[in-house]
Amino acid sequence: MMSSCTVSDNLADDDGAGIFIAPGREASIEGSSIFGQVAGGTGGGVYSDGVLSINRTTIEFNQSVWGGGVHSLRDLVLTESTIGFNTVLRWGGGFANEGLASVTNSTISSNSAPEYGGNIANMSAGNLELLHATIADGVSPVGDAVHNDSSVIATNSIFLGSCAGFGLESIGGNVESPGNGCNLTRVRDRKNVPISKL
């Protein structure tokens, strides 16, 4: 377990400049800050091919080829955390998911990707659940909030920006602003909401 730590300003030729979780390993990150990492591969801030929980942690200003903040290939639980201001050369500015992931009471915002998935790229092997999450202010030509190639289930979450790829599966209580591209179809969902009304 890593608790109350600061990981900053590391460089890696390959994956995971800040944190690297090897296949089959289990780890947890609690109450920490991960910023300023630069990876020549993926997962600038965090690269995980194991089982990882992240709680009350800030992951910001990291860079990589994709998955600028976090790249997860296996199991990830993210709670009460922030992934922001990360950048990539390709996709998944904030978070690239290829495994089973849940994001709860967290914010993924202000990340950028020149190809797709400014904040989140949920890739073809990814299954992602968003609960009380805020996905906002991403920058990308395709899916600045979320680009989904598999399954994303959303409940009581806010999407400020566009979704692309497959639509999201809504359980209800979600908000999309300003558009209508996230496939929010439940009765309690709100879409096309002006930013001034949030």
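Going by the structure above, here's the rest.
Counting restarts for each chain, with residues numbered from 1 along the sequence as it is written. Totals for whole chains, interfaces and linings use every residue, but because this is a predicted model, local features are given only for residues with pLDDT of at least 70 and side-chain atom pairs only at 80 or more, for both listing and counting. Just so you know, side-chain values use all the structure's heavy atoms and leave hydrogens and water out.

## So, the environment of Ala 145
Note on placement: Ala 145 falls in the loop between β21 (134-136) and β22 (146-148). When the C-alpha atoms of Ala 145 and Ser 162 are compared, they prove to be 5.3 Å apart, with 17 residues separating the residues in sequence. Here, residues are in contact when the closest pair of their heavy atoms is within 4.5 Å. If near-sequence neighbours (up to four positions away) are discounted, Ala 145 is found in contact with Asn 119, Ile 120, Ile 135, Leu 160, Gly 161 and Ser 162. In DSSP terms, a helix is any run of H or I states spanning at least four residues, a strand is any run of E spanning at least two, and both are numbered starting from the N terminus.

## As for the sheet that holds strand β8 (residues 46-48)
Note: two strands are recorded as paired if DSSP finds a minimum of 2 bridges between them. In spatial order, the strands read β4-β8-β12-β16-β19-β22-β25; together these seven strands make up an open sheet with parallel pairing. The two strands at the open ends of the sheet, each matched to only one other strand, are β4 (19-21) and β25 (163-165). In this sheet, neighbouring strand axes are inclined to one another by 5° on average, regardless of whether the strands run parallel or antiparallel. Where strand β12 (residues 70-72) lies against strand β16 (residues 95-97), three bridges are found, and the strand directions are parallel. Note on β16: the bridge partner recorded for Ser 72 is Asn 97. For every element, the axis is a line fit to its C-alpha atoms; helices are fit only across the contacting stretch, and the angle between N-to-C directions ranges from 0 to 180 degrees.

## Overview of the sheet that holds strand β6 (residues 33-35)
Reading across the sheet, the eight strands line up as β2-β6-β10-β14-β18-β21-β24-β27 and stay open at both edges, with parallel pairing between neighbours. Of all strands in the sheet, those with a lone pairing partner are β2 (6-8) and β27 (175-177), marking the two edges. Strand-to-strand twist across the sheet, computed as the mean angle between neighbouring axes with direction ignored, equals 5°. The sheet contact formed by β21 and strand β24 (residues 158-160) spans three bridges and is parallel. Counted as the bridge partner of Ile 135 is Phe 159 from β24.

Function cannot be read off these values alone, since they describe shape.
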